[in-house]
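Residue-level structural notes
Next come the chains, spelled out residue by residue.
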Amino acid sequence: MAGNLPQQECKPVSTGVDKDNLVIPLIDFGPFLNGTPADKHSVGIAVTEAFKTSGFLYLKNHGIPPSVVSRVFASSARFFARPQAEKDSLGWTTPQSNRGYVARGREKLTRPDDKSNVQALRSANPDLKETMEIGRDGVEGLPNRWPDHIDDEGKDFKQVMQSFFQTCKELHTQVMRAVSIGMNLPESFFDEFVDAGDNNLRLLHYPPIPRSVFSSNPDQVRAGEHSDYGSLTLLFQDARGGLQVRSPKGTFIDATPIPDTIVVNAGDLLARWSNDTIKSTKHRVVEPPKPANSEAEDSSDMYPARYSIAYFCNPNNDKFIEALPGTYGEDLHIPKKYSGITSGDYLVQRLTATY
Ligand SMILES: O=C(O)CCC(=O)C(=O)O
Ligand SMILES: Cc1c[nH]c(=O)[nH]c1=O
Ligand SMILES: [Fe+2]
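Residues numbered from 1 in each chain as written. Chains lettered and ligands numbered in written order. Predicted model: local features only at pLDDT ≥ 70, side-chain atom pairs only at ≥ 80, totals over all residues. Heavy atoms only, no water.

This paragraph deals with the coordination of the iron ion (ligand 3). Those donors, His226 (NE2), Asp228 (OD) and His283 (NE2), are the protein atoms that reach the iron ion (ligand 3), and they lie 2.1 to 2.2 Å from it. Each donor residue of the iron ion (ligand 3) lies on the same chain, and together they follow the pattern H-x1-D-x54-H. Of this pair, histidine 226 sits in strand S8 (residues 223-226) while histidine 283 sits in strand S13 (residues 283-285), and the two are 57 residues apart along the sequence. For histidine 226, a relative accessible area of 11% puts it in the buried group. Overall, the relative accessible area of 6% leaves histidine 283 in the buried class. (Donors = N, O, S within 2.8 Å, 3.2 Å for Na, K, Ca; no water. Helix = DSSP H or I, 4+ residues; strand = E, 2+ residues; numbered from the N terminus. Buried < 20%, exposed > 50% of the residue type's maximum accessible area, 1.4 Å probe, protein only.)

Structure (structure tokens):
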């Protein structure tokens with residue numbers, strides 16, 4: 001091939017995190033959304049490869065404008081600034097519904113061995129967060145807990161969140177198409193599994209907190225170690241930092257915020273669906289990291305608030321989830337590791353364990 005320049009392949013992947021054998025790539029999703037079939041193929045492979053190795057990736061050019069994300073963060077912050085009694089009046093009710101306001105200390109993400117253990121964990125190191133959980137709107141018997149009857153701001157909140165819910169639902173479908181390609185399945189394989197949008201939009205607020213809370217208790221976290229439950233999570237973080245992902249060595253590595261990206265991670269049900277070829281990796285939220293090159297001690301006694309938004313994606317509630325074609329078989333000498341399960345039942349089981 002002397003004299004021929006090698007064809008420059010379109011490789012829309014760079015490195016977001018690389019430490020202790022944890023590699024979280026930064027993937028440009030633009031070529032998937034707008035590119036040629038070859039572009040789509042290479043992005044599909046990259047996305048699936050990331051889910052099979054670290055279980056996490058950063059996505060850029062994902063099609064959700066920064067102005068939309070800022071508007072959701074602003075509306076979320078105004079919601080959490082409401083009087084406690086107002087928020088409590090919109091309280092989360094049941095795992096079946098998974099909708100409404102969750103006050104500080106009510107959910108403890110770290111999975112307990114049994115219920116009595118949850119109580120012990122909760123009182124020792126409660127998660128230092130409050131959340132608002134929003135489900136698919138208009139489901140009979142499972143109303144969202146909108147603040148729209150309270151004031152105009154509440155009406156605006158409802159509109160902003162309903163619209164964002166749809167936007168994220170579409171991105172879920174696209175990322176699952178990328179996974180289909182990477183798993184050698186027809187591109188639209190997952191479409192019928194995710195078209196209902198039985199997802200959960202979670203707004204998170206980690207309030208300002210004295211540094212001493214962490215310095216006096218090494219086990220204190222903002223959100224305990226856990227893996228997510230469903231297919232994928234789309235995680236939007238502010239610039240504060242504190243999200244950490246567990247490396248293959250068992251250490252927790254900062255997943256530093258990268259502006260205008262979404263952290264996307266695979267959930268337990270997708271791992272199960274893929275016969276464990278895809279990984280759902282543990283993560284947690286701790287105090288913000290020290291700025292890299294700051295010599296002076298920060299004089300403030302408080303860590304500022306952190307806001308994030310997790311869009312938990314799930315297969316349709318009524319779908320039966322069993323090992324994907326190509327992930328098991330006699331020819332591969334790989335058995336099916338799990339029995340099939342209905343998506344909605346699986347999710348309710350998981351939610352019941354943490355509230
Ligand atoms: O706040 C974050 O960055 C992560 C939250 C999270 O992992 C969760 O709620 O499942
Ligand atoms: C961690 C978690 C909480 N709530 C959900 O609906 N899904 C999840 O994965
Ligand atoms: Fe999570």
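Here the narrative resumes.
Moving on, we get to the sheet that holds S13. A sheet is described by the order of its strands in space; here 4 strands give the open sequence S8-S13-S10-S11, paired in antiparallel fashion. Edge strands, defined here as strands with exactly one partner in the open sheet, are S8 and strand S11 (252-254). Adjacent strand axes in the sheet meet at a mean angle of 25 degrees, parallel and antiparallel pairs treated alike. The pairing of S8 with S13 spans 2 bridges and is antiparallel. By the bridge assignment for S13, alanine 223 is matched with valine 285. (Pairing = 2+ DSSP bridges. Axes fitted to C-alpha atoms, helices over the stretch in contact; angles between N-to-C directions.)

The next point concerns the packing of aromatic side chains. The geometry of two aromatic rings is summed up by the distance between their centres and the angle between their planes. As enumerated under the stated definition, the model contains 13 aromatic pairs in all. Relative to tyrosine 311, the ring of phenylalanine 165 lies with its centre 5.2 Å away and its plane at 75 degrees, an arrangement referred to as edge-to-face. With a gap of 146 residues between them, phenylalanine 165 in helix H6 (residues 152-182) and tyrosine 311 in strand S15 (residues 306-313) connect regions that are remote in the sequence. The class of phenylalanine 165 is buried, set by a relative accessible area of 5%. Given a relative accessible area of 0%, tyrosine 311 falls into the buried group. For the pair phenylalanine 190 and tryptophan 273, a centre-to-centre distance of 4.9 Å together with 75 degrees between the ring planes defines the contact as edge-to-face. Of this pair, phenylalanine 190 sits in the loop between H6 and helix H7 (191-194) while tryptophan 273 sits in helix H9 (residues 268-273); the two residues are 83 residues apart in sequence, bridging distant segments of the chain. (Phe/Tyr/Trp six-rings, centres within 6.5 Å; stacked < 30°, edge-to-face > 60°.)

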